[in-house]
Amino acid sequence: MKTLTKATLATLALMSACSSSFATTSSQLVSLDSRYIFQNSKAGKAFIAKTQQKIDGFQETVRRAQQEVATMQEDIEKQRSVLSKDALTEKEEQLARKRKNSERDLTQQEEELRRVIQKDQVKLIEEQQKIYTKAAQEEGWSALIDKNTPGVIYVADAIDKSDYVLNKYIGASDDADAKTTMMVKKDATPASKAAIKTKTDKPALLTAKKDTKTAAGKTTTA
């Protein structure tokens with residue numbers, strides 16, 4: 001009976017030790033939301049503002065090109081009744097060349113803009129990922145998971161360290177709760193081609209989209 005009691009006590013002690021060890025390990029498992037941190041960090045906000053300026057500049061370029069084509073088209077319509085057949089044909093060919101050249105030039109500018117934005121975005125994401133690793137090492141966290149990682153279904157708020165990492169290691173922006181996300185959309189029809197058609201067409205341009213769940217942390221030409 002004494003032997004049994006000792007064995008039982010030993011088993012209980014072992015279970016208690018394992019339980020304590022598991023609890024300690026579990027407490028070192030933390031999560032963060034890289035999208036939230038990206039959107040609300042000073043660097044992320046600066047990236048968003050800089051990108052918006054580039055997009056606005058491209059939109060203005062498209063608007064001017066569209067207006068030039070529309071003006072040429074209006075001039076042709078005004079002169080249609082007085083121009084000879086050959087003269088009218090020549091002007092229409094000039095208009096077609098103008099439209100084609102504008103579409104080509106804007107397509108190249110749009111592709112370059114997407115490339116630059118993507119490059120800057122990826123660079124910032126990589127820099128922040130290095131900081132996450134540094135934070136985990138300094139804080140003694142045994143595991144750090146990102147809520148946005150494919151396969152992660154649920155993460156309890158109790159282990160979320162997004163705000164802690166944002167404020168201590170990354171640097172929160174003054175309006176960190178705004179959660180404004182920049183996403184460069186890639187439409188099926190290039191903005192440059194959609195814009196240079198007729199006077200009444202509305203250009204489908206690169207746009208800045210506000211979405212609290214959209215991943216600035218994901219490459220959107222991503």
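Residues numbered from 1 in each chain as written. Predicted model: local features only at pLDDT ≥ 70, side-chain atom pairs only at ≥ 80, totals over all residues. Heavy atoms only, no water.

(A) Structural view of the overall build of the protein chain. Looking only at helices and strands, the protein chain has six helices and two strands in total. Helices (α) and strands (β) of the protein chain occur, in sequence order from the N terminus, as α-β-α-α-α-β-α-α. Within the protein chain, the proportion of its 222 residues that are buried is 32%. (Helix = DSSP H or I, 4+ residues; strand = E, 2+ residues; numbered from the N terminus. Buried < 20%, exposed > 50% of the residue type's maximum accessible area, 1.4 Å probe, protein only.)

(B) Here's a closer look at the packing of helix α3 (residues 42-79) against helix α4 (residues 85-139). Between α3 and α4, the least distance of the axes is 10 Å, while the angle of their chain directions is 175°. Taken together, the axes of α3 and α4 lie roughly antiparallel to each other. Considered class by class, the residues forming the contact of α3 with α4 number 16 nonpolar, 10 polar and nine charged. (Axes fitted to C-alpha atoms, helices over the stretch in contact; angles between N-to-C directions. Parallel < 35°, antiparallel > 145°, perpendicular 65-115°, else oblique. Nonpolar A, V, L, I, M, F, W, Y, C, P; charged D, E, K, R; others polar.)

(C) The arrangement of helix α5 (residues 162-170) in detail. Regarding α5, the residues found buried are S162, V165, L166, Y169 and I170. The buried side chains of α5 occupy one side of the element, clustering within an arc of 115° when seen end-on. Looking at the buried positions of α5, the neighbouring elements they touch are β1 (29-32), α2 (34-40) and α4. Trailing α5 by a residue or two, G171 shows a phi angle of about 110°, which is positive. (Arc of directions from axis to C-beta. Contact = heavy atoms within 4.5 Å.)

(D) Looking closely at the nonpolar core. Counting residues in hydrophobic clusters, the biggest one holds 13 residues, and the most contacted among them are L32, I37, Y132, W141, V165, L166 and I170. Of all the secondary-structure elements, those providing two or more residues to this core are β1, α2, α4 and α5. Considering every element that reaches this core, the biggest residue donor is α5, with four residues. Residues within four places of W141 in sequence aside, it is in contact with Q28, V30, A135, A136, K161, Y164 and V165. The next biggest cluster of nonpolar side chains, apart from the first, holds 12 residues, and it includes V62, A65, L113 and L124. (Core = buried A, V, L, I, M, F, W, Y, C linked by side-chain atoms within 4.5 Å.)

(E) Structural context of α4. Spanning 55 residues, α4 covers 80 Å between terminal C-alpha atoms, matching the ideal 81 Å at 1.5 Å per step. Among the residues trailing α4, G140 stands out with phi positive, at a value near 80°. (Expected span 1.5 Å × (residues − 1).)

(F) The environment of K134, seen in detail. Position of K134 relative to the elements: it lies in helix α4. Judged by relative accessible area, K134 falls into the partly exposed class, the value being 45%. Taking the C-alpha atoms as reference points, K134 and Y169, 35 residues apart in sequence, are found 8.8 Å from one another.

(G) Structural context of the pattern of salt bridges. Applying the stated rule across the entire model yields 12 salt bridges. Residue R104 is joined to D105 by a salt bridge in which the shortest nitrogen-to-oxygen separation is 3.2 Å. The shortest N-O distance in the salt bridge between K147 and D160 comes to 2.7 Å. Of this pair, K147 sits in the loop between β2 (143-146) and α5 while D160 sits in the loop between β2 and α5; the two residues are 13 residues apart in sequence, bridging distant segments of the chain. (Salt bridge = Lys/Arg side-chain N within 4 Å of Asp/Glu carboxyl O.)

(H) Highlighting the packing of aromatic side chains. A full pass over the atoms with the stated rule returns two aromatic pairs. When the ring of F38 is compared with that of F47, the centres are 5.8 Å apart and the planes differ by 75°; the resulting orientation is edge-to-face. The pair formed by F38 and F47 is uniform in burial state, with each residue classed as buried. Stacked on the ring of Y164, the Lys or Arg K161 has its end atom at 5.8 Å from the ring centre. (Phe/Tyr/Trp six-rings, centres within 6.5 Å; stacked < 30°, edge-to-face > 60°. Lys NZ or Arg CZ within 6 Å of the ring centre and 35° of its normal.)

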